[in-house]
Amino acid sequence: MLIRTERSDDIEAVRQVHLAAFGGREDESRLADRIRGSAGLVPELSLVAERDGEIVGHMLISKAELVDGHAAEVTLVLAPIGVRPEAQGRGAGGALIEEGIRRAASLGYKLIFLIGHPSYYPRFGFKPAVGSGLVLMQFDVPDDVFMVRELAEGELDRLAAVRKEKYGELKYPQTFFA
Ligand SMILES: CC(C)(COP(=O)(O)OP(=O)(O)OC[C@H]1O[C@@H](n2cnc3c(N)ncnc32)[C@H](O)[C@@H]1OP(=O)(O)O)[C@@H](O)C(=O)NCCC(=O)NCCS
């Protein structure tokens, strides 16, 4: 299996991956299309998983903001990720996440956030963000599904030490709500 950067001629196959992965629901394929056309896109972090010449998975990691009072810094969010149902459980999702983490770290980013299954993402180093004084106000989700992965060791402690407000807030860009 090959993990590589998405190309423009992959886009239709990627749409079909998300449609199949999410049971025909269009929300995730549309979200991927919107992110691709937005300022939040980091082209190297739109990854496909290819097996025998066929695209079986896709994952996007794109820009969001971490807000502390009036100050905001760029951070990353992982969404969407999907693997075709017949290809699930064979490591494509894990390989996409691991390559995304590796690339994001080498690009100099410090954190990746996501909203996801608490039984799946901890194996890749994600943990609940609330424990580090970070909150998500835009979505009403249980604390354990709002997760963060440090790319630089000690980054969450460093942020907590310099924080001016009681909590830091992750803010997804408007792209996620359009
Ligand atoms: C989640 C997903 C991307 C994982 O991709 P994958 O290629 O199947 O993952 P891998 O083969 O690397 O890992 C398989 C593991 O993921 C687990 N897993 C898959 N879907 C899961 C889910 N919805 N909740 C919890 N665990 C899940 C499997 O149980 C398996 O765990 P095990 O190794 O302990 O048996 C894929 O299953 C998928 O596209 N699901 C539908 C869309 C979706 O839910 N996307 C994520 C939204 S948060």
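Structure: see above.
Let me begin by describing the structure that accompanies this report. Along each chain, numbering runs from 1 in the same order as the chain's sequence is written. Predicted model: local features are reported for residues with pLDDT of at least 70 only, side-chain atom pairs are reported and counted for 80 or more only, and whole-chain, interface and lining totals are derived from all residues. Hydrogen atoms and water are omitted, and side-chain values are computed over all heavy atoms in the structure.

### Here's the deal with the overall build of the protein
For clarity, the threshold we go by: By the criteria applied, helices consist of DSSP H or I runs no shorter than four residues and strands consist of E runs no shorter than two, each listed in order from the N terminus. Note that the radius of gyration is over C-alpha atoms, with the globule rule given as 2.2 Å times the number of residues to the power 0.38. Using a 1.4 Å probe on the protein chains alone, a residue whose accessible area is under 20% of its type maximum counts as buried, one over 50% counts as exposed, and one in between counts as partly exposed. Throughout, a contact is declared for two residues whenever any of their heavy atoms are within 4.5 Å. All accessibility values rest on the Shrake-Rupley procedure with a 1.4 Å probe; residue burial counts only the protein chains present in the view. Think of it this way: Lys and Arg go in the positive column, Asp and Glu in the negative one, and His and the chain ends go nowhere. Charge placement uses NZ in Lys and CZ in Arg. For Asp and Glu, CG and CD serve respectively.
Of the regular secondary structure elements, the protein holds 4 helices and 9 strands. Counted from the first residue to the last, the protein has its helices and strands arranged as β-α-α-β-β-β-α-β-β-β-β-α-β. The C-alpha radius of gyration computed for the protein amounts to 16 Å, which stays within 12% of the reference 16 Å derived for 178 residues, consistent with globular compactness. For the protein, the residues scored as buried account for 49% of the 178 residues in total. A sequence separation of at least 24 residues applies to 70% of the contacts in the protein between residues at least 6 apart. Taken as a whole, the protein presents about 9,000 Å² of accessible surface, with 50% of it coming from carbon and sulfur. Separation between the mean location of the 22 positive side-chain charges and that of the 27 negative ones in the protein comes to 2 Å.

### Some points on the environment of S38
Put simply, the rule reads: Polar contacts here mean pairs of N or O atoms no more than 3.5 Å apart (in protein, one a potential hydrogen donor and the other a potential acceptor; neighbouring residues in sequence count only if both atoms are side-chain atoms).
Along the chain, the position of S38 falls in the loop between α2 (27–36) and β2 (46–51). Measuring from C-alpha to C-alpha, the distance between S38 and P173 comes to 9.5 Å, with 135 residues separating the pair along the chain. A polar contact of 2.8 Å, which involves the side chain of S38, links it to the backbone oxygen of I35.

### Notes on the site of the ligand
How we decide: What makes a residue near a molecule or strand is one non-hydrogen atom of that residue sitting within 4 Å of it. The definitions used throughout rest on a 1 Å grid laid over the protein atoms alone, on which a cavity is an enclosed set of points accommodating a 1.4 Å probe that cannot get out and a pocket is an open set flanked by protein within 12 Å on both sides along at least five of seven lines; lining residues are those having an atom within 4 Å of a point. Here the criterion for a molecule occupying a pocket or cavity is that more than half of its atoms lie within 2 Å of the pocket grid points.
Contacts to the ligand come from 19 residues, most closely from V83, G89, G91, G93 and G94. The contact in question runs from an oxygen atom of the ligand to an N or O atom on the backbone of G93, over 2.8 Å. For the ligand, whose accessible area on its own is 870 Å², the fraction buried by protein is 65%. Its atoms largely coinciding with the cavity grid, the ligand occupies the largest pocket.

### Quick look at the nonpolar core
Burial of nonpolar side chains together is a common tendency in soluble globular proteins. This is how it is decided: Side-chain atoms within 4.5 Å link the members of a nonpolar core, which is a set of buried Ala, Val, Leu, Ile, Met, Phe, Trp, Tyr and Cys residues.
Counting 26 residues, the largest nonpolar core has M59, L76, L78, I97, I112 and F126 as its most contacted members. Counting only elements with at least two residues in this core, the list comes to β2, β3 (54–68), β4 (71–83), α3 (92–106) and β5 (111–115). A per-element tally of this core places α3 first, with 5 residues. When neighbours within four sequence positions are excluded, F126 is seen to be in contact with L78, I97, I101, I112, L114, Y121, M147, V148 and R149. With 20 residues, the next largest nonpolar core counts I35, A79, F146 and F176 among its residues.

### A closer look at the pairing of β4
Looking along a regular strand, one sees the side chains alternate between the two faces of the sheet. Heads up, the condition is: Strands pair, by our definition, only if DSSP identifies at least two bridges between them.
Two elements, β3 and β4, share 11 bridges in a ladder whose sense is antiparallel. Counterpart to G57 in the pairing with β4 is V83. Pairing of β4 with β5 involves 2 bridges; the strand directions are parallel. Bridge pairing in β5 places L76 opposite I112.

### Observations concerning the pattern of salt bridges
How we decide: Think of a salt bridge as a Lys or Arg side-chain nitrogen and an Asp or Glu carboxyl oxygen that are within 4 Å of each other.
Scanning the model with the defined rule gives 14 salt bridges in all. With its nearest N and O atoms 2.8 Å apart, the salt bridge here joins E6 to R36. Taken together, the residues span a long stretch of sequence, with E6 in the loop between β1 (2–5) and α1 (11–21) and R36 in helix α2 at a distance of 30 residues. Like R36, E6 is buried. Salt bridges here are not isolated pairs; linked through shared partners, they connect E6, E12, R15, D33 and R36.

By themselves these figures say nothing about function.
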